[in-house]
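Each chain, letter by letter, is given below.
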Amino acid sequence: TRIFDLKGSTQGRYVLEGKEKIDKNYSRQSDNGDNNPVLKDINWKKSNLRIRLPMQMYSKVEVALKRDVDMLQKLNICDYSLLVGVHSPEGLPHSYFWVSIIDTLQLFN
């Protein structure tokens, strides 16, 4: 399972992982003791992962995310992320995704 914290920015949005982490003499464990650190926007881009949904489901997800973002804007909350989890079971040709909005405690002032 891989987890991505996406903000729509590339500034400081990369986490070393796997062999790259070992080559740079970094510990294989993340700050929370997990071997799977939370990845960021550039990691997502480099992964070439895509979430493909049937059009009807895509429309529902799009409406829900827009409604959530509109509410955050009305509350003057400016710092939030889209958390995307990806589970790719061995031997299956597809992955499972879950999505959530997080980091909604930063008020804009």
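Structural data are supplied above this passage.
Residues numbered from 1 in each chain as written. Predicted model: local features only at pLDDT ≥ 70, side-chain atom pairs only at ≥ 80, totals over all residues. Heavy atoms only, no water.

Asker: Describe helix H3 (residues 55-74), naming the residues involved and giving the relevant values.
Answerer: The first and last C-alpha atoms of H3 sit 28 Å apart over 20 residues, in line with the 28 Å expected at 1.5 Å per residue. Asn-76 sits one or two positions beyond H3 and adopts a positive phi of about 60°. (Helix = DSSP H or I, 4+ residues; strand = E, 2+ residues; numbered from the N terminus. Expected span 1.5 Å × (residues − 1).)

Asker: So what's going on with a nonpolar patch on the surface? Which residues, and what values?
Answerer: Together, Ile-51, Leu-53, Met-55, Met-57, Tyr-58, Val-61 and Val-99 make up a nonpolar patch on the protein surface, roughly 610 Å² of accessible area in all. Among the elements that line the nonpolar patch, the one with the most residues is H3, at four residues. Turning to its location among the elements, Leu-53 is positioned in the loop between helix H2 (41-47) and H3. (Patch = residues over 30% accessible without salt bridge, like charges linked within 9 Å, V, L, I, M, F, W, Y side chains within 5 Å. Areas by Shrake-Rupley, 256 points an atom, 1.4 Å probe, with all protein chains shown as cover. Salt bridge = Lys/Arg side-chain N within 4 Å of Asp/Glu carboxyl O.)

Asker: Can you explain the nonpolar core? Please cite residues and give values.
Answerer: Counting eight residues, the largest nonpolar core consists of Phe-4, Leu-6, Val-15, Leu-39, Trp-44, Leu-49, Val-84 and Val-86. For this core, the secondary structure elements donating two or more residues are strand E1 (2-6) and strand E2 (77-87). When sequence neighbours within four positions are dropped, the list of residues in contact with Val-84 reads Arg-2, Ile-3, Phe-4, Leu-6, Trp-44, Ile-51, Phe-97, Trp-98 and Val-99. (Core = buried A, V, L, I, M, F, W, Y, C linked by side-chain atoms within 4.5 Å. Buried < 20%, exposed > 50% of the residue type's maximum accessible area, 1.4 Å probe, protein only. Contact = heavy atoms within 4.5 Å.)

Asker: Please provide a residue-by-residue account of the pattern of salt bridges, values included.
Answerer: As enumerated under the stated definition, the model contains three salt bridges in all. With a closest N to O distance of 3.4 Å, Asp-5 and Arg-13 form a salt bridge. Here Asp-5 matches Arg-13 in class, with each residue buried. We note a salt bridge from Asp-70 to Lys-66, for which the minimum N-O separation is 3.2 Å. Of this pair, Asp-70 and Lys-66 both sit in helix H3, four residues apart, roughly one helical turn. Given a relative accessible area of 26%, Asp-70 falls into the partly exposed group. Counted as one network, the salt bridges with shared partners bring together Asp-5, Arg-13 and Asp-41.

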